[in-house]
Amino acid sequence: MNYTTEQEVRYSQDGNNIANVQKEGADTTEPKLRRRPLAELNIVDNFLFNELTLQEDDEQSREFCSILVETLLGRKLENVTITPQRSYQGTDTDKHGICVDVQIEADLSVSKESGSESDREIYDIEPNCYKDDDARRARYYTALIDSYSLQSGKKYKKMKDLCLLFITTYDPFGEDSMVYTIERHCREFPDLTYDDGISIIFMYAYGKRNIPNQKVKDMLLFLAETSHEHASGDKDREAIYKMVEDLKNSRKVGIRYMKQFELLDMYREAGLEEGREKGREEGRQEGREEGREEGREEGREEGRQEGREEGREEGHIEGCEEGIDVSTKVLKRHNSGKASKEIAEELNIPVERADDIIRRYEMA
């Protein structure tokens, strides 16, 4: 089996079960994608994680989830029910919905102090290989899950406790910590207990600080780099690894994995066609705009040309009319016996023009 290196896991994006492998310092604006064989997948990859939570043997799925919660959070679950890939619709048709990787519901831990009167608690486990504004994502997830957890007419104290656990192969907050526990508190009174029943925990598989214990460290590394080597020496990891091997060797699982790619290709082609059509429509719109602008420019040029023609024609007519008027005035004064110099002074025209009009008149 080929195992994914730590660097490959750190830079993988498995939202569509495709590894996005980048080297340190590489340009990440245009990721280089490659499809990995099923045998190379790790538990943090969405497809394999989802298969582990919906195995044909429900007991195995519950065992997998129980081991994760007990190992990573130190909470022993009882009367466990799991819902793989549970969807929560947005509060309206135009609002964003979510699909949690696995939702676990179990009896409330006796040792946990809580203001909730519910006897059940909810765990949402999200393996993440890609960064996506984690803080606000967690905020939205808690809000939407809570909106479905309280029945009409029930008091708020009946709300179930909720724990969001994000398992990441990247450092979500840049402090190289293995564990980030997010809690609400009162700024003015830091020691004031403020328990709203929500726990948000980020666990970074390669964190070097705040390591809870060796068992947690080994489990996180095993989830990020799933191999026989990382499973050996611990019965829980070995039990999960056996589940993983059984799934990878299953013909049904292999077919489902390939179907993922067919769907991906179908969606990509549909997206490309939608993009092409949108591009064509935008092109047509731009063409119409450019055509209108060219038409307006051509119209303006034709208008200018027509204006020049009309102007020349009007100027010609006006010039003719002016010439006839001046000639009439000159000849009228000439016939009354006035000299051309006197006529030119009265009409404010050159004497040569007066002489020319008189000469043309006498030659006619």
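Above this note sits the structure.
In this report, we go over the structure that sits alongside the text.

The next subject is the side chain of Asp-45. If you trace the backbone, Asp-45 turns up in the loop between β2 (33–34) and α2 (46–53). Overall, Asp-45 belongs to the buried group, its relative accessible area being 1%.

The next point concerns a negative patch on the surface. On the surface, Glu-282, Glu-286, Glu-290, Glu-294, Glu-298, Glu-302 and Glu-306 cluster together to form a negatively charged patch. Looking at the secondary structure, you find Glu-290 in helix α8 (residues 251–335).

Below, the discussion takes up the pairing of strand β6 (residues 161–168). Burial analysis of β6 places 8 of its 8 residues in the buried class, which makes it a mostly covered element. Side chains Asp-161, Cys-163, Leu-165 and Ile-167 project from β6 onto one buried face, and the interleaved Leu-162, Leu-164, Phe-166 and Thr-168 project onto a second face that is buried too. Pairing geometry for strand β5 (residues 120–128) and β6, over 8 bridges, is parallel. The residue bridging Ile-122 from the neighbouring strand is Leu-162, located in β6.

Relative orientation of the contacting elements α2 and helix α7 (residues 235–248) amounts to 105 degrees, with a least axis distance of 10 Å. Looking at the two axes, α2 sits roughly perpendicular to α7. Seen from α2, the contacting residues are Leu-48, Glu-51 and Leu-52; seen from α7, they are Met-243, Val-244, Leu-247 and Lys-248. Residues of the contact of α2 with α7, tallied by class, amount to 5 nonpolar, no polar and 2 charged.

Below, the discussion takes up the packing of aromatic side chains. Evaluated as defined, the whole model comprises 7 aromatic pairs. With a centroid separation of 5.1 Å and an interplanar angle of 90 degrees, the aromatic rings of Phe-173 and Phe-202 are classed as edge-to-face. Taken together, the positions of Phe-173 in the loop between β6 and β7 (179–182) and Phe-202 in strand β8 (residues 198–204) put the pair 29 residues apart, joining distant regions of the chain. Given the relative accessible area of 1%, Phe-202 is considered buried. Among the aromatic residues, those joined into a cluster by ring pairs are Phe-166, Phe-173, Tyr-180 and Phe-202.

Here the focus is the nonpolar core. Counting residues in hydrophobic clusters, the biggest one holds 49 residues, and the most contacted among them are Ile-43, Phe-64, Leu-72, Ile-104, Ile-125, Leu-220 and Leu-223. Among the elements that take part in this core, helix α3 (residues 58–73) stands out by supplying 7 residues, more than any other. Residues within four places of Leu-220 in sequence aside, it is in contact with Leu-72, Ile-167, Met-178, Met-203, Tyr-204 and Ala-205. If you look at the next biggest cluster of nonpolar residues, it comprises 10 residues, including Ala-138, Tyr-141, Leu-162 and Leu-164.

Taken as a whole and judged by the stated rule, the model has 14 salt bridges. A salt bridge links Arg-256 to Glu-51; the shortest N-O distance between them is 2.9 Å. Of this pair, Arg-256 sits in helix α8 while Glu-51 sits in helix α2; the two residues are 205 residues apart in sequence, bridging distant segments of the chain. Judged by its relative accessible area of 36%, Arg-256 is partly exposed. According to the relative accessible area criterion, Glu-51 is buried, its value standing at 5%. Residues Arg-237 and Asp-234 are paired through a salt bridge, measuring 4.0 Å at the closest nitrogen-oxygen approach.

What follows is about α7. Along its 14 residues, α7 runs 20 Å from first to last C-alpha, staying within 8% of the 20 Å computed at 1.5 Å per residue. Turning to α7, its buried residues number three or more, namely Asp-236, Arg-237, Ile-240, Tyr-241, Met-243, Val-244, Leu-247 and Lys-248. Seen end-on, α7 carries its buried residues on one side only, within an arc spanning 155 degrees. Summarising the geometry of α7, the exposed residues directed more than 90 degrees from the buried face are Lys-235 and Lys-242.

Our next topic: the side chain of Ser-340. Tracing the backbone shows Ser-340 in helix α9 (residues 340–347). A distance of 2.6 Å separates a polar atom in the side chain of Ser-340 from a polar atom in the side chain of Asp-355. If we ignore the near neighbours within four places in the chain, the residues touching Ser-340 are Val-351, Ala-354, Asp-355 and Ile-358.

The next subject is the packing of α3 against helix α5 (residues 214–224). With their axes 8 Å apart at the nearest point, α3 and α5 run at an angle of 135 degrees to one another. In terms of orientation, α3 lies oblique with respect to α5. Mapping the contact onto sequence places Ile-67, Leu-68, Thr-71 and Leu-72 in α3 and Lys-215, Val-216, Met-219, Leu-220 and Leu-223 in α5. Here the contact of α3 with α5 is built from residues that sort into 7 nonpolar, 1 polar and 1 charged.

A positive phi is found at Asn-210, a non-glycine position, where the angle reads about 55 degrees. Along the chain, Asn-210 turns up in the loop between β8 and α5.

On to the environment of Gln-55, then. Within the fold, Gln-55 resides in the loop between α2 and α3. Since its relative accessible area comes to 7%, Gln-55 is described here as buried. With 188 residues separating them in the primary sequence, Gln-55 and Met-243 have C-alpha atoms 8.9 Å apart. In this structure the side chain of Gln-55 is engaged in a polar contact, spanning 2.9 Å, whose partner is the backbone oxygen of Leu-52.

The rules behind each value
By convention here, each chain's residues receive numbers from 1 onward along its written sequence. For a predicted model such as this one, the threshold for reporting local features is a pLDDT of at least 70, and the threshold for listing and counting side-chain atom pairs is 80 or more; totals across whole chains, interfaces and linings nevertheless cover every residue. The basis for every side-chain value is the complete set of non-hydrogen atoms in the structure, without hydrogens or water. The secondary structure listing takes helices from DSSP runs of H or I that are at least 4 residues long and strands from runs of E that are at least 2 residues long, numbered from the N terminus. Residue exposure (1.4 Å probe, protein chains only): buried if accessible area is under 20% of the type maximum, exposed if over 50%, otherwise partly exposed. Grouping into patches uses exposed residues only, defined as over 30% relative accessible area, and leaves out salt-bridged ones; the cut-off is 9 Å for like charges and 5 Å for nonpolar side chains (Val, Leu, Ile, Met, Phe, Trp, Tyr). Each accessible area is a Shrake-Rupley estimate made with a 1.4 Å probe; only the visible protein chains count as cover when residues are assessed. One speaks of a salt bridge when a side-chain nitrogen belonging to Lys or Arg is within 4 Å of a carboxyl oxygen belonging to Asp or Glu. Counting rule applied: Lys, Arg positive; Asp, Glu negative; His and chain ends not counted. Charge coordinates come from a single atom per side chain, which is NZ of Lys, CZ of Arg, CG of Asp or CD of Glu. Strand pairing follows a simple DSSP-based rule, namely that at least 2 bridges must link the two strands. Axes here refer to lines fitted to C-alpha atoms; in helices the fit is confined to the stretch in contact. Angles between the N-to-C directions go from 0 to 180 degrees. Angle categories: roughly parallel below 35 degrees, roughly antiparallel above 145, roughly perpendicular from 65 to 115, and oblique for all the rest. In what follows, a contact means two residues having at least one pair of non-hydrogen atoms within 4.5 Å. Note on residue categories: nonpolar means Ala, Val, Leu, Ile, Met, Phe, Trp, Tyr, Cys or Pro, charged means Asp, Glu, Lys or Arg, and polar means any other residue, Gly included. Think of it this way: a Phe, Tyr or Trp ring, Trp meaning its six-membered ring, pairs with another when their centres are within 6.5 Å, and the plane angle makes it stacked under 30 degrees, edge-to-face over 60, tilted otherwise. Nine residue types can take part in a nonpolar core, namely buried Ala, Val, Leu, Ile, Met, Phe, Trp, Tyr and Cys, and a core is a set of them joined through side-chain atoms within 4.5 Å. In this scheme, a helix's expected span is set at 1.5 Å multiplied by one less than its residue total. To be clear, the arc concerns the directions from the helix axis to the C-beta atoms. Under this definition, polar contacts are N or O atom pairs within 3.5 Å; protein pairs additionally need one hydrogen-donor-capable and one acceptor-capable atom, and for neighbouring residues in sequence, both atoms have to be side-chain atoms.

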